[in-house]
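Coordinate analysis (summary)
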2 protein chains.
Amino acid sequence: MVEDFVRGKGYLTLGTRFKRIGDRLQADVQQLIDAAGLAVQTGQYPLLAALDEMGPMTIGDLAAALGVSQPGVTRSVGQLAKQGVVTVRRGSRDQRKRRVELTEKGRTLVADGRQTIWPLIETHLADICADTDGPLLDQLDALETRLQEKSLYSRVMETKEGNTNE
Amino acid sequence: MVEDFVRGKGYLTLGTRFKRIGDRLQADVQQLIDAAGLAVQTGQYPLLAALDEMGPMTIGDLAAALGVSQPGVTRSVGQLAKQGVVTVRRGSRDQRKRRVELTEKGRTLVADGRQTIWPLIETHLADICADTDGPLLDQLDALETRLQEKSLYSRVMETKEGNTNE
DNA sequence: GCATAATATATAACAGGTTATATAAACCGT
DNA sequence: ACGGTTTATATAACCTGTTATATATTATGC
């Protein structure tokens, strides 16, 4: 078999590898979101959660809070507005600014997520990362290995079955 | 100031955060590549390095070796072929397969990278990650903090000046 | 108080990742 | 040896990130 070249290159391919792990994690979380019947894109939950916890914000504030570029936020907000999850309106004092705010639907979405899947994600990811304490590369190895062995989704489902079903 | 929301959410935003760090690392490395006068995209160095070290491969083998999807490799190879860095030809025995091979230009590019910037990347990233040993989230905090304090590029440049210039 | 500079957001173009699906070649069973 | 299945790659459509640049509004200095 052809093996994992990126993994073997250590620090040299760290950027590629971080992105790869991030994609994998987001894909796994998306499964959970879908299974819970929540109509959101994984990548937009942070934006919604920020609005929920910090209140209405401008595009620029969101970009700063999320560590993402302003055009990225503009686009995300545009999509979320189209889905009716947030509203956008011009600032009253400064008309250059746009005030982004959760709609009722948006608040419900965040509340549902917080209740149903957030605890599962936290618990299981903490578990996956738990007993690794070495250097960063070792921890990445362990994380990737464990996600390959059993996806976050499978881990969550097993637990749920054990607890709530016959 | 608005602070870093993603960082504060711990495991919940791990996927987003991994991708963010990966983007940052790749951007930093791209600076080094540009400064060294190498005409490549950071993200494609792993592919080139794999071809260099493992010899000519098919699209599918590359996808497996790099841990990315087959369509992703098809596109990367297409771009690299356009730049004259790799050649692609049908397999002789199995005409479905495409054999991807470094050109002379490609081999030179890898050799140059290996000589000029790879050691710098390894050294400085290892250094940045060195004395952190705790749980994963702490290491991510440390990594992000250090990259914010001083970019990989700055770190490399400082070292070079100290060693090789007046 | 008007011209210029700065700021906030929008838009365009690109990167590189994904999934789903189409196409072409090879394999296989009868 | 031909029809159906499998396999390898290509293509399409989308996501989300980026940078560079345009537009609109506010702030400022003379």
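This is a predicted model, so every value here is computed, not measured.

Definitions and limits used
- Residues numbered from 1 in each chain as written.
- Chains lettered and ligands numbered in written order.
- Predicted model: local features only at pLDDT ≥ 70, side-chain atom pairs only at ≥ 80, totals over all residues.
- Heavy atoms only, no water.
- Near = heavy atom within 4 Å.
- Polar contact = N/O pair within 3.5 Å; in protein donor to acceptor, adjacent residues only side chain to side chain.
- Helix = DSSP H or I, 4+ residues; strand = E, 2+ residues; numbered from the N terminus.
- Nonpolar A, V, L, I, M, F, W, Y, C, P; charged D, E, K, R; others polar.
- Pairing = 2+ DSSP bridges.
- Least-squares fit on C-alpha atoms with pLDDT ≥ 70 in both.
- Contact = heavy atoms within 4.5 Å.
- Expected span 1.5 Å × (residues − 1).
- Buried < 20%, exposed > 50% of the residue type's maximum accessible area, 1.4 Å probe, protein only.
- Arc of directions from axis to C-beta.
- Salt bridge = Lys/Arg side-chain N within 4 Å of Asp/Glu carboxyl O.

Before going further, it helps to examine the protein's contact with DNA strand C. Lining the immediate environment of DNA strand C, one finds 22 residues, of which Q70(A), R98(A), Q41(B), S69(B) and R75(B) sit closest. Taking the atoms of DNA strand C that fall within 4 Å of the protein, sugar and phosphate contribute 56% of them. Between a phosphate oxygen of DNA strand C and a main-chain N or O atom of R93(B), the distance comes to 3.5 Å. A distance of 2.9 Å separates a phosphate oxygen of DNA strand C from a polar backbone atom of Q95(B). Looking at the surface near DNA strand C, the elements with two or more residues in it are α4 (59-66) and α5 (70-82) of chain A together with α5 (70-82) of chain B. No other element matches the 4 residues that α5(B) contributes to the surface near DNA strand C. Its residues assigned to classes, the surface near DNA strand C comprises 4 nonpolar, 10 polar and 8 charged.

Take the pairing of strand β3 (residues 98-102) of chain A next. For strand β1 (residues 57-58) of chain A and β3(A), the ladder comprises 2 bridges, and the chain directions are antiparallel. Of the residues in β3(A), the one forming a bridge with T58(A) is R99(A).

What follows is about the relation of the copies chain B and chain A. Overlay of chain B on chain A (RMSD 0.0 Å): rotation 180 degrees, translation along the axis 0.0 Å. Seen this way, the second copy is the image of the first under a two-fold rotation axis. Residue K19(B), judged by its C-alpha, is the member of chain B lying nearest the rotation axis, at 2.2 Å. Both copies present the same face, since 100% of the interface residues in chain B are matched by interface residues at the equivalent positions in chain A.

Right, let's talk about helix α6 (residues 104-116) of chain B for a bit. All names here are of chain B. For α6, which comprises 13 residues, the first-to-last C-alpha distance of 18 Å matches the rise-based estimate of 18 Å (1.5 Å per residue) to within 8%. Restricting attention to buried positions, one finds in α6 the residues G106, L109, V110 and G113. Each buried residue of α6 lies within a common arc of 95 degrees when the element is viewed along its axis, so the set occupies one face. Within α6, the exposed residues directed more than 90 degrees away from the buried face are E104 and Q115. Looking at the packing, one finds that the buried side of α6 touches α3 (45-54), β3 (98-102) and α7 (118-128).

Residue and element names in this part refer to chain A. Between its first and last C-alpha, α5 extends 18 Å over 13 residues, near the 18 Å set by a 1.5 Å rise per residue. Looking at α5, one finds that the buried residues are G72, V73, V77 and L80. The buried residues of α5 occupy one face: seen down the axis, they fall within an arc of 125 degrees. Across from the buried face of α5, at angles greater than 90 degrees, the exposed residues are P71, R75 and K82. Its buried side turned inward, α5 meets α3 (45-54), α4, β2 (86-90) and β3. Positive phi appears at G84, one or two residues downstream of α5, with a value of about 75 degrees.

So, about the pattern of salt bridges. Per the stated rule, a full pass over the model turns up 28 salt bridges over all chains. Where R114(A) meets E53(A), a salt bridge forms, and the shortest distance between an N and an O atom there is 3.5 Å. Of this pair, R114(A) sits in helix α6 (residues 104-116) while E53(A) sits in helix α3, and the two are 61 residues apart along the sequence. R20(B) is the salt-bridge partner of D4(B), the closest N and O atoms lying 2.8 Å from each other. Of this pair, D4(B) sits in the segment before α1 (5-8) while R20(B) sits in helix α2 (residues 14-35), placing them 16 residues apart in sequence. Take R20(B): its relative accessible area is 14%, and that puts it in the buried class.

With that out of the way, let us pick up the interface of chain B and chain A. Interface size is commonly expressed as the accessible area that is lost once the parts come together. Chain B puts 43 residues into the contact, and the matching count from chain A is 43 residues. At the boundary of chain B and chain A, one finds 4 salt bridges. The partner of E53(B) in a salt bridge is K9(A), with the nearest N and O atoms 2.6 Å apart. Summed over the shared surface of chain B and chain A, the result is 14 residue pairs in polar contact (both at pLDDT 80 or more). Broken down by secondary-structure element, the contributors of at least two residues to the side of chain B that touches chain A are α1, α2, α3, α4 (59-66), α7 and α8 (136-149) of chain B. In terms of residue count, α2(B) provides more of the side of chain B that touches chain A than any other element does, 11 residues in total. For the side of chain B that touches chain A, the class distribution of residues is 25 nonpolar, 8 polar and 10 charged.

All we've got here are geometric facts, nothing functional implied.
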